[in-house]
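Here are the chains, one letter per residue:
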Amino acid sequence: MIIAGGQWGDEGKGKVVAYLALTDKPKIIARAGVGPNAGHTVYYGGKTFGLRQIPCGFVYEGARLLIGPGVLVNPEVIKKELELTGAGPRFGVDRKCTVIENSHIEQDKSSDFLKGKIGTTGTGCGPANAARINRTAKIAENAPELREFLADVPQEINQAIEDGEAVFVEGSQGFGLSLFHGTYPYVTSKDTSASTLAADVGVGPTKVDDVMLIFKAYTSRVGLGPFPTEVSQEKAEELGIVEYGTVTGRRRRIGTFDFDLAKRSVMINSATQLAITNIDRMFKEAAKARRWDQLSKDAQDYVASIEAELGVPVTIVSTGSGTEDIIDMRSEKM
Ligand code: IMP
Ligand code: MG
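Scoring rules and cut-offs
- Residues numbered from 1 in each chain as written.
- Chains lettered and ligands numbered in written order.
- Predicted model: local features only at pLDDT ≥ 70, side-chain atom pairs only at ≥ 80, totals over all residues.
- Heavy atoms only, no water.
- Donors = N, O, S within 2.8 Å, 3.2 Å for Na, K, Ca; no water.
- Helix = DSSP H or I, 4+ residues; strand = E, 2+ residues; numbered from the N terminus.
- Phe/Tyr/Trp six-rings, centres within 6.5 Å; stacked < 30°, edge-to-face > 60°.
- Buried < 20%, exposed > 50% of the residue type's maximum accessible area, 1.4 Å probe, protein only.
- Contact = heavy atoms within 4.5 Å.
- Core = buried A, V, L, I, M, F, W, Y, C linked by side-chain atoms within 4.5 Å.
- Near = heavy atom within 4 Å.
- Polar contact = N/O pair within 3.5 Å; in protein donor to acceptor, adjacent residues only side chain to side chain.
- Areas by Shrake-Rupley, 256 points an atom, 1.4 Å probe, with all protein chains shown as cover.
- Nonpolar A, V, L, I, M, F, W, Y, C, P; charged D, E, K, R; others polar.
- Expected span 1.5 Å × (residues − 1).
- Salt bridge = Lys/Arg side-chain N within 4 Å of Asp/Glu carboxyl O.

S.K.: With reference to specific residues and values, describe the coordination of the magnesium ion (ligand 2).
M.R.: Metal coordination angles in their ideal form are 109.5 degrees for the four-donor tetrahedron and 90 or 180 degrees for the six-donor octahedron. The magnesium ion (ligand 2) binds to the protein through Asp10 (OD) and Gly39 (O); the donor distances cover 1.9 to 2.2 Å. Here Asp10, found in the loop between strand 1 (2–5) and helix 1 (13–24), pairs with Gly39, found in the loop between strand 2 (28–31) and strand 3 (40–44); they are 29 residues apart in sequence, far enough to count as distant.

S.K.: Provide a residue-level description of the packing of aromatic side chains, including the pertinent values.
M.R.: A full pass over the atoms with the stated rule returns six aromatic pairs. Measuring from ring centre to ring centre gives 5.2 Å for Trp8 and Phe227, while their planes differ by 55°; the resulting arrangement is tilted. Taken together, the residues Trp8 in the loop between strand 1 and helix 1 and Phe227 in the loop between strand 10 (219–221) and helix 8 (233–238) connect sequence positions 219 residues apart. Exposure remark for Trp8: the relative accessible area of 3% places this residue in the buried category. The class of Phe227 is buried, set by a relative accessible area of 8%. On the numbers, 5.7 Å between centres and 65° between planes, the contact of Phe215 with Phe257 is edge-to-face. Taken as a pair, Phe215 in strand 9 (residues 211–216) and Phe257 in the loop between strand 11 (253–255) and helix 9 (259–269) lie far apart in primary sequence, 42 residues in all.

S.K.: Go over helix 5 (residues 125–133) with me, naming the residues and quoting the values.
M.R.: Residues of helix 5 that are buried include every one of Cys125, Pro127, Ala128, Asn129 and Ala131, and no others. Buried residues along helix 5 sit in contact with helix 3 (102–110) and helix 4 (112–118). The first or second residue beyond helix 5 is Arg135, which carries a positive phi of 65°.

S.K.: If you had to explain the nonpolar core to someone new, which residues and values would you point to?
M.R.: In this structure, Ile157, Phe215, Val266, Leu274, Ile279 and Leu310 are the most contacted members of the largest nonpolar core, which totals 48 residues. Tallying contributions element by element places helix 11 (residues 297–310) first for this core, with five residues. Ranked by size, the runner-up nonpolar core spans 39 residues in total, among them Val42, Tyr60, Ala143 and Met212.

S.K.: Please give an account of the site of ligand 1 that cites residues and values.
M.R.: By nearness alone, 16 residues border ligand 1, and Asp10, Asn37, Thr121, Thr188 and Arg250 come closest of all. Side-chain polar atom of Asn37 to an oxygen atom of ligand 1: 2.8 Å apart, as the coordinates give it. The fraction of the free accessible surface of ligand 1 (470 Å²) that becomes covered by protein chains is 97%. Of the residues that constitute the shell around ligand 1, the class distribution is six nonpolar, eight polar and two charged.

S.K.: Can you explain helix 1? Please cite residues and give values.
M.R.: For helix 1, which comprises 12 residues, the first-to-last C-alpha distance of 16 Å matches the rise-based estimate of 16 Å (1.5 Å per residue) to within 8%. With nine of 12 residues buried, helix 1 is to be regarded as a mostly interior element. The set of residues buried in helix 1 consists of Lys13, Gly14, Lys15, Val16, Val17, Ala18, Tyr19, Leu20 and Ala21. Remark: Lys25 follows helix 1 within two positions and exhibits a positive phi of approximately 50°.

S.K.: Tell me what's going on with the environment of Ala286, and back it up with residues and numbers.
M.R.: Note that Ala286 resides in the loop between helix 10 (279–282) and helix 11. Taking the relative accessible area as the measure of exposure, Ala286 reaches 0% and is therefore buried. Sequence separation between Ala286 and Asp210 is 76 residues, and the spatial gap between their C-alpha atoms is 28 Å. Residue contacts for Ala286: discarding those within four places in its chain leaves Ile279, Asp280, Leu295 and Thr319.

S.K.: Please provide a residue-by-residue account of the pattern of salt bridges, values included.
M.R.: Inspection of the entire model under this criterion finds 17 salt bridges. Close ionic contact of Glu156 with Arg64 constitutes a salt bridge, the shortest N to O distance being 2.8 Å. On the criterion of sequence distance, the pair formed by Glu156 in helix 6 (residues 153–162) and Arg64 in strand 5 (residues 64–67) is long-range, its members being 92 residues apart. Glu156 gets classed as partly exposed once you look at its relative accessible area, which sits at 25%. Arg64 sits in the partly exposed class, given a relative accessible area of 25%.

What follows is the structure, given as structure tokens:
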């Protein structure tokens, strides 16, 4: 199963992946997507984990944790996250991952265009991907700090699939940030749709059974660029929705659910199921609900309208920040 973001990132993928990992117990959880520009937050066992590289499914201790060759890696960020999670013994980085170097971070932060006009995260991802395309980038097998973690990620994943084991491919960012399908030039430095997420970890299209697309119940965006359903900061405050980015601390722009964006996202990701997150921010009484019948009629109608408009079943509704704050409709009928 591939888990992908349907909007502009920050849809709550981290939390959903953590829940699914604990419930479905996959053999492997592999991180796909751009790199450490992503910030995923997982609240588990009374602790908060802000993760940029290690798969959020780390909370399920039976899973092997991998980073696919298409993903950029920053060895310092990986080191910190391994200390935070204690996941070292089951962690692997593909030999061919591009390594982000300080010069890439400098370039990203000092560029008037990247930092000023596009509003990048300043994590060096764009310049590192450019270096890879120019065939001048360093790869993981040449980074001494990563030596003990080097792995052949496509081999491990394809073997697990052949053995009939469950594998999760954990995406990052979101559809609207795709270099090709998003709001260019206000996008990230790579495609972010399901096909690329599969390619990032070395899995071909005929091996993918499920694509879960994650949507916030409303829309948020950090950084610059078009946002058709955006509301004013005052209006967002009135609604009680004020958010800050995990990586950059910037205040997120807030808007209503964008059905046009969502429909295109469903089409290009070929989504087979949907997760709707942060429903508790729109319907306060939905907080921490774990069953469909605990939602108000308004909240039920809202979720049902998204399902009807997009024509794909909603299987997960997230009702809070804790990993267990989930309505799992795979075991419950709407
Ligand atoms: P970059 O990926 O750092 O080059 O930034 C390009 C654009 O993508 C900026 O608007 C960032 O705010 C946005 N972006 C990159 N990663 C994420 C993410 O994980 N969540 C939300 N926005 C992101
Ligand atoms: Mg985020």
